[in-house]
Amino acid sequence: MRNNFSDIPPLDKTVPGVQAIEQLLQPRLHVLYRRRAERLRVLDSADGGLGEASSSYLGFAARLVEEQARFVEETPLSAEQAMPISALLGDGLSAAEKPSVSLLESSVYWQDAFKAFVSILSPQMPQQVAASLHDLAQSDKATLAAKASALLNGTYEDVEAGASVFLWAGLSVFWSQAVALAQPHGAGEEAPVSHGASCPCCGAPASGGLVLTGDREGLRYLQCSLCETRWHKVRAACTMCGGTEHVDYWSFDTTDAPIQVETCGDCHGYIKLFRQDRDPDLEVVADDLASLGLDAALEEQGFIRAALNPFSFPSR
């Protein structure tokens, strides 16, 4: 069954003439979570070709996304709570700044979200993992802040894999609302500062690329793994280094497959593209998680993944 709704607000049809390409797209967060959870459940039911263990993990991911939606609905972030993050966001002239450990320690919203997710979902996890998560949730703010800082700075190996998913989920509901409240620039303003596949608003890695359908058909946007912002990237150019001469596209299927991998022969990076113009049901995080076989094939060829899935952290 197809999703007939989008988390991207429609174009304003009252604006005359040809509209400028919007540099940033902010999602309707409640719709984004609903679509993601539904897509994860569809892929879970279909098994995604990944086997029973991976299929059950898709179901767990769906439950965590549903809890993110519930937390945002029941405990929305206030403008006052968002202020410390708003000061760090990229503004079109400068890149986003990383938060200090002290800022993360004093910002209780994401910590409350993390603890809520652990409380609700850890009983459904293996006993050893649940016990570890429970211990972390009971630890002091400084410990939580240090682990969150490690994740935000890309030192993923410093945080246990199970904890990373829950911590990032809490950080994400914080950052996504803070960015939305800040209302960063859009169409007609200076293009955002984006380094490679890093978000111009918060600096986190992209989860993947989207080629849109509907009013914006054919336009490519990268989607942030942390704040969920989408930012425009021209097609046929490497999202990491900007090169154009050695960009190739891979898939397990035909050349018109809805999920492709874009590789660059110059920087040897790669990122997945999810072609909603070919399959509007695709959702970046869910379909990336269900297509890890593509990653394995590309990494065997020596390419390095540039994206981050919030449910699958690298162990390097």
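Everything numeric here is computed off the predicted structure, so don't read it as measured data.

Enquirer: I would appreciate a short explanation of the confidence of the model for the protein chain in the present structure.
Expert: Predicted coordinates in regions of low pLDDT should not be interpreted in detail. Looking at the protein chain as a whole, its pLDDT mean stands at 89, while 89% of the residues score no less than 70. Across residues 48-53 the pLDDT falls below 50, and counting only partners more than four positions away or on other chains, this stretch makes five contacts in the model. Note on residues 184-188: pLDDT is under 50 here. Beyond four places in sequence and across chains, it has 16 contacts.

Enquirer: In this structure, what is going on with the nonpolar core? I would like to understand it.
Expert: Most often, soluble globular proteins have nonpolar side chains that are buried together. Judged by nonpolar contacts, the single largest core of 72 residues is most densely connected at Leu-167, Trp-175 and Leu-226. Per-element accounting of this core gives the leading share, twelve residues, to helix H8 (residues 161-182). Core analysis: the next-biggest nonpolar cluster, separate from the first, contains 14 residues, Ile-8, Tyr-221, Val-261 and Tyr-270 among them.

Enquirer: What's the story with helix H6 (residues 127-137) in this structure? I'm lost.
Expert: Residue pairs spaced three or four apart in an α-helix point in one direction, given the helix's 3.6 residues per turn. Of the positions making up H6, those classed as buried are Ala-130, Leu-133, Leu-136 and Ala-137. Down the axis of H6, the sector holding all buried residues measures 125°, keeping them to one side. Turned more than 90 degrees from where H6 packs its buried face, Gln-127, Gln-128 and Asp-135 sit exposed. Here the buried face of H6 lies against helix H5 (108-121), helix H7 (141-152) and H8.

Enquirer: Whenever I open this one, the pattern of salt bridges confuses me. Can you help?
Expert: Side-chain pairs of opposite charge can arise whenever the charged atoms involved come near each other. The full count for this structure, using the stated rule, is 15 salt bridges. Of the charged contacts in the structure, one is a salt bridge between Arg-275 and Asp-277, with a shortest N-O distance of 2.7 Å. The class for Arg-275 is buried, based on a relative accessible area of 9%. Asp-277 gets classed as partly exposed once you look at its relative accessible area, which sits at 23%. Within this structure, Lys-272, Asp-288, Asp-295 and Arg-305 form a network of salt bridges that share partners.

Enquirer: Explanation requested: the environment of Glu-228 in the structure shown.
Expert: Turning to its location among the elements, Glu-228 is positioned in the loop between strand S3 (220-224) and strand S4 (230-232). With a relative accessible area of 2%, Glu-228 lands in the buried category. Linking Glu-228 and Val-179, residues 49 residues apart in sequence, is a C-alpha distance of 9.0 Å. When neighbours within four sequence positions are excluded, Glu-228 is seen to be in contact with Pro-27, Leu-29, Leu-32, Arg-36, Ser-172, Ser-176 and Gln-223. A distance of 2.9 Å separates a polar atom in the side chain of Glu-228 from a polar atom in the side chain of Arg-36. Side chain to side chain, Glu-228 and Gln-223 meet in a polar contact 3.2 Å long.

Enquirer: Looking at this structure, how should I read the packing of aromatic side chains?
Expert: Working definition: an aromatic ring pair is given by the centre-to-centre distance plus the angle between the planes. Under the counting rule described, the total for this entry stands at nine aromatic pairs. Aromatic pair Trp-250 and Phe-303: ring centres 6.1 Å apart, planes at 70°, arrangement edge-to-face. Here Trp-250, found in strand S5 (residues 247-250), pairs with Phe-303, found in the loop between helix H10 (292-300) and strand S8 (304-305); they are 53 residues apart in sequence, far enough to count as distant. Residue Trp-250 is classed as partly exposed on the basis of its relative accessible area, which comes to 35%.

Enquirer: Can you walk me through the environment of Ala-142 in this structure?
Expert: Mapped onto the fold, Ala-142 is located in helix H7. Residue classification places Ala-142 among the partly exposed residues on the basis of a relative accessible area of 35%. Note: C-alpha distance between Ala-142 and Glu-105 (37 residues apart in sequence) is 5.7 Å.

Enquirer: I tried to follow the side chain of Lys-272 on my own but got confused; where do I start?
Expert: Assignment of secondary structure puts Lys-272 in strand S7 (residues 269-275). Polar contacts involving the side chain of Lys-272 include one to the main-chain carbonyl oxygen of Ser-291, which spans 2.8 Å. Aside from chain neighbours lying at most four places away, what touches Lys-272 is Gly-208, Gly-209, Gln-260, Val-261, Asp-288, Ser-291, Leu-292, Leu-294, Asp-295 and Arg-305.

Enquirer: Sorry, what's going on with the pairing of S7 here?
Expert: Looking along a regular strand, one sees the side chains alternate between the two faces of the sheet. Summarising burial for S7: seven of the seven residues are buried, a large majority. Side-chain alternation along S7 places Gly-269, Ile-271, Leu-273 and Arg-275 on one buried face and Tyr-270, Lys-272 and Phe-274 on a second face that is also buried. Direction of pairing for strand S2 (residues 206-211) relative to S7: parallel, over a ladder of three bridges. Each residue of the ladder has a partner; that of Val-211, found in S7, is Arg-275. With five bridges connecting them, strand S6 (residues 259-264) and S7 associate as antiparallel partners. Paired with Val-261 across the two strands is Lys-272, which belongs to S7. The loop that links S6 with its antiparallel partner S7 comprises four residues; one of these, His-268, has a positive phi angle of about 65°. Across two bridges, the pairing between S7 and S8 is parallel. Pairing of Gly-269 across the sheet is with Ile-304, part of S8.

Criteria and cut-off values
- Residues numbered from 1 in each chain as written.
- Predicted model: local features only at pLDDT ≥ 70, side-chain atom pairs only at ≥ 80, totals over all residues.
- Heavy atoms only, no water.
- pLDDT = per-residue confidence, 0-100.
- Contact = heavy atoms within 4.5 Å.
- Core = buried A, V, L, I, M, F, W, Y, C linked by side-chain atoms within 4.5 Å.
- Buried < 20%, exposed > 50% of the residue type's maximum accessible area, 1.4 Å probe, protein only.
- Helix = DSSP H or I, 4+ residues; strand = E, 2+ residues; numbered from the N terminus.
- Arc of directions from axis to C-beta.
- Salt bridge = Lys/Arg side-chain N within 4 Å of Asp/Glu carboxyl O.
- Polar contact = N/O pair within 3.5 Å; in protein donor to acceptor, adjacent residues only side chain to side chain.
- Phe/Tyr/Trp six-rings, centres within 6.5 Å; stacked < 30°, edge-to-face > 60°.
- Pairing = 2+ DSSP bridges.

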